[in-house]
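# Coordinates in review
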Amino acid sequence: MGAMTGWTDHAFPGHEVNIVFARGLPPGALTERLRGRLREPLADGEARGWSWAGARHARRRSR
């Protein structure tokens, strides 16, 4: 098991999580774009000009 896979399994048990990286985009803008793609951000951050977010597939809202 890779280091990133182990970290996501431990940090978000029971969730399939994607880690997304973006350069030059603030974390808030990244999470908003993820929500627009039906992804639920679970954590986010920024380091050395890179934003990152851990996100899972969001459930559709029932009408």
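Look a little higher up for the structure.
Okay, so let's go over this structure. The shown structure was predicted, so the numbers you read here are calculated from the model rather than taken from an experiment. By convention here, each chain's residues receive numbers from 1 onward along its written sequence. In view of the model being predicted, local features appear only for residues whose pLDDT reaches at least 70, and side-chain atom pairs are presented and counted only at 80 or more, with totals across whole chains, interfaces and linings using the full set of residues. The side-chain values count all of the structure's non-hydrogen atoms but skip hydrogen atoms and water molecules.

### Here we look at the overall build of the protein chain
For the record, the criterion: Counting from the N terminus, the helices are the DSSP runs of H or I reaching at least four residues and the strands are the DSSP runs of E reaching at least two. Only protein chains enter the area calculation, which uses a 1.4 Å probe; residues under 20% of their type maximum are buried, those over 50% are exposed, and those in between are partly exposed. The contact rule is simple, with two residues in contact once any of their heavy atoms fall within 4.5 Å. The Shrake-Rupley method, run with a 1.4 Å probe sphere, supplies the accessible areas, and residue values consider only the shown protein chains as cover.
When helices and strands are tallied, the protein chain shows two helices and three strands. Starting at the N terminus and ending at the C terminus, the protein chain contains elements arranged as α-β-α-β-β. In the protein chain, which comprises 63 residues, the share counted as buried stands at 27%. In the protein chain, the proportion of contacts linking residues at least 24 apart, taken out of those at least 6 apart, comes to 39%. Carbon and sulfur atoms make up 49% of the accessible area of the protein chain, which totals about 5,000 Å².

### Quick notes on helix α2 (residues 27-36)
Going by this rule: The directions considered for the arc are those from the helix axis to the C-beta atoms.
Of the residues making up α2, those classed as buried are Pro 27, Leu 30, Thr 31 and Leu 34. Viewed end-on, α2 has its buried residues packed into an arc of 95°, placing them on one side of the element. Exposed side chains of α2 directed beyond 90 degrees from the buried face belong to Arg 33 and Gly 36. Against the buried residues of α2 lie β1 (18-23), β2 (39-47) and β3 (50-57). Directly after α2, the chain includes Leu 38, whose backbone phi takes a positive value near 60°.

### Overview of the nonpolar core
Keep this limit in mind: Working definition of a nonpolar core: buried Ala, Val, Leu, Ile, Met, Phe, Trp, Tyr and Cys residues. They are joined through side-chain atoms within 4.5 Å.
If you look at the biggest cluster of nonpolar residues, it comprises six residues: Ala 22, Leu 25, Leu 30, Leu 34, Ala 53 and Ala 55. Of all the elements in the fold, those that place two or more residues in this core are α2 and β3. Contacts of Ala 22, omitting those with residues within four sequence positions, involve Leu 30, Gly 49, Trp 50 and Ser 51.

### Topic: the side chain of Ser 51
Inclusion rule: Counting of polar contacts relies on pairs of N or O atoms within 3.5 Å, with two restrictions inside protein: one atom must be capable of donating a hydrogen and the other of accepting it, and residues adjacent in sequence are counted only when both atoms are side-chain atoms.
With respect to the secondary-structure elements, Ser 51 resides in strand β3. Residue classification places Ser 51 among the buried positions, given a relative accessible area of 0%. A distance of 2.2 Å separates the side chain of Ser 51 from the backbone oxygen of Leu 25, its partner in a polar contact. Excluding its chain neighbours within four sequence positions, the residues that come into contact with Ser 51 are Val 20, Phe 21, Ala 22, Leu 25, Pro 26, Pro 27, Leu 30, Gly 45 and Glu 46.

Remember that the coordinates give geometry; whether it matters functionally is a separate question.
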